[in-house]
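Take a look at the letters that make up each chain.
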Amino acid sequence: MKKVVSAFILVLTLACFSVVGVYAAVVEKPVIEAEMPDCYREIGNGSIVLYANATVPNGGTVRYQWYVADTENMAMIHAIFGAESDIYQVPEEIGVKWYCYAAWNVSGGAESDPVYSRLIRVEYFENTTAHIHSFCEWMVITEPTCTEIGIKVRECDCGVTERAEVPATGHNWDSGKITKKPTAQSDGEKVYTCLNCKAIKVKTVKFSGISEESDTTNNTAEPDNNSESTIEPTNIGSYEKTHFPWWLVAVIVVPVIGCIVIVVILLVIKKQKNVR
Ligand SMILES: [Zn+2]
Ligand SMILES: [Zn+2]
């Protein structure tokens, strides 16, 4: 009796399997028309989009599912949640991943066996070639003066800013003014003033013995060994720098004298008290 029951269950099981098999065989698998090539893109240059391309022969619809794997191995693929469209946008991540899709033919409430695409190698790589800056024009942000350097900057689209010095312009001396004529007994003096910053340059003019030219454009009275000194202007004025600061003396000396006078008076008073 037990043998009969076992045989019956076996037959029933086989029958079920064959029915399912026949049913599945009824719905034809989709056909993959074209496979995607491998994809390779520099990161930051837009996403890689994968396309599925399967057709069904008998008026059914295609259902897709995308898979990803870390290695080139179909046994390692796992389904990407929600990736059921015929396109898939690969997330931008540096490195290599393998993608494939499965397609089913859905027809009359039944579904075919899946067909799988090949594993598509997808790589996002980092930019390894050095970026060559493309700078705009220099922009002077601090103007140079006669004696101080200035600062200029220029910028690349990538955000890099380059700074450089602007050389000092140097004084722009006016034409010579002889303030003291040289004589056989004493040297003369020629004073130049900078047209930009009012700095003063004094040149000693030696008496050459050739002639005593009053003409300031004549250079015979200034050989190369003439000594010269330049007085740079301060922010107060070009002349004040050379003045002795008498006001400072007054500020220091007056209180000191005042203190001494008071101390002397106190000492005198104390002495008088001791005498009594
Ligand atoms: Zn740049
Ligand atoms: Zn100057």
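In what follows, the structure referred to is the one given above.
Here we summarise the structure given alongside this text. All values reported here derive from a predicted model rather than from experimental measurement. (Residues numbered from 1 in each chain as written. Chains lettered and ligands numbered in written order. Predicted model: local features only at pLDDT ≥ 70, side-chain atom pairs only at ≥ 80, totals over all residues. Heavy atoms only, no water.)

Concerning the nonpolar core
And then number 1: Core analysis: the largest hydrophobic core is formed by 20 residues, its most contacted members being Leu50, Trp66, Tyr88, Val90, Tyr99 and Val122.
And then number 2: Elements with a contribution of two residues or more to this core: strand E3 (48-51), strand E5 (61-69), strand E7 (87-90), strand E8 (95-107) and strand E11 (120-125).
And then number 3: Ignoring sequence-local partners within four residues, the contact set of tyrosine 88 consists of Ile48, Val49, Leu50, Trp66, Ile80, Ala83 and Tyr99.
And then number 4: If you look at the next biggest cluster of nonpolar residues, it comprises eight residues, including Tyr67, Ala102, Trp104 and Leu119. (Core = buried A, V, L, I, M, F, W, Y, C linked by side-chain atoms within 4.5 Å. Buried < 20%, exposed > 50% of the residue type's maximum accessible area, 1.4 Å probe, protein only. Helix = DSSP H or I, 4+ residues; strand = E, 2+ residues; numbered from the N terminus. Contact = heavy atoms within 4.5 Å.)

A look at the coordination of the zinc ion (ligand 2)
And then number 1: Looking at the zinc ion (ligand 2), the protein donor atoms are Cys146 (SG), His171 (ND1), Cys194 (SG) and Cys197 (SG), and they sit 2.2 to 2.4 Å from it.
And then number 2: One can describe the donor arrangement at the zinc ion (ligand 2) as tetrahedral, given that its four donor atoms subtend angles of 97 to 116 degrees at the metal.
And then number 3: In the primary sequence, the donor residues of the zinc ion (ligand 2) line up as C-x24-H-x22-C-x2-C. Remark: cysteine 197 occurs in the loop between strand E16 (188-193) and strand E17 (200-205) and cysteine 146 occurs in the loop between strand E12 (139-142) and strand E13 (150-155); sequence separation between them is 51 residues.
And then number 4: Overall, the relative accessible area of 23% leaves cysteine 197 in the partly exposed class. (Donors = N, O, S within 2.8 Å, 3.2 Å for Na, K, Ca; no water. Tetrahedral: all angles 85-135°; square planar, octahedral: opposite > 155°, others 65-115°.)

Here we look at the sheet that holds E12
And then number 1: One open sheet accounts for three strands, arranged E12-E13-E14; its pairing is antiparallel. Two strands in the sheet have a free side with no partner beyond their single neighbour: E12 and strand E14 (161-166). Strand after strand, the sheet turns through a mean of 35 degrees between neighbouring axes, direction not considered.
And then number 2: With six bridges connecting them, E13 and E14 associate as antiparallel partners. Across the sheet, the residue bridging to isoleucine 151 is glutamate 165, located in E14. (Pairing = 2+ DSSP bridges. Axes fitted to C-alpha atoms, helices over the stretch in contact; angles between N-to-C directions.)

Re the pattern of salt bridges
And then number 1: Applying the stated rule across the entire model yields seven salt bridges.
And then number 2: Where arginine 118 meets aspartate 38, a salt bridge forms, and the shortest distance between an N and an O atom there is 2.7 Å. Linking arginine 118 in the loop between strand E10 (115-116) and E11 with aspartate 38 in the loop between strand E1 (31-32) and strand E2 (39-42), this pair joins segments that are 80 residues apart in sequence.
And then number 3: The exposure class assigned to aspartate 38 is partly exposed, which follows from its relative accessible area of 44%. (Salt bridge = Lys/Arg side-chain N within 4 Å of Asp/Glu carboxyl O.)

Side note on the packing of aromatic side chains
And then number 1: All told, the structure shown has six aromatic pairs when counted by the stated rule.
And then number 2: Taking the centre distance of 4.5 Å and the plane angle of 25 degrees together, the rings of tyrosine 40 and phenylalanine 125 count as stacked. With tyrosine 40 in strand E2 and phenylalanine 125 in strand E11, the pair connects residues that are 85 residues apart, well separated along the chain.
And then number 3: Tyrosine 40 gets classed as exposed once you look at its relative accessible area, which sits at 55%.
And then number 4: Taking the centre distance of 4.9 Å and the plane angle of 55 degrees together, the rings of tryptophan 66 and tyrosine 101 count as tilted. Note that tryptophan 66 is positioned in strand E5 and tyrosine 101 in strand E8, a separation of 35 residues in sequence.
And then number 5: For tryptophan 66, a relative accessible area of 0% gives the class buried.
And then number 6: Among the aromatic residues, ring-to-ring pairing joins Tyr64, Trp66, Tyr88, Tyr99 and Tyr101 into one connected group.
And then number 7: Across the ring face of tryptophan 138, the terminal group of lysine 152 is positioned such that the distance to the ring centre comes to 4.6 Å.
And then number 8: The residue whose ring lies beneath lysine 201 is tyrosine 192, and the NZ or CZ to ring-centre distance is 4.8 Å. (Phe/Tyr/Trp six-rings, centres within 6.5 Å; stacked < 30°, edge-to-face > 60°. Lys NZ or Arg CZ within 6 Å of the ring centre and 35° of its normal.)

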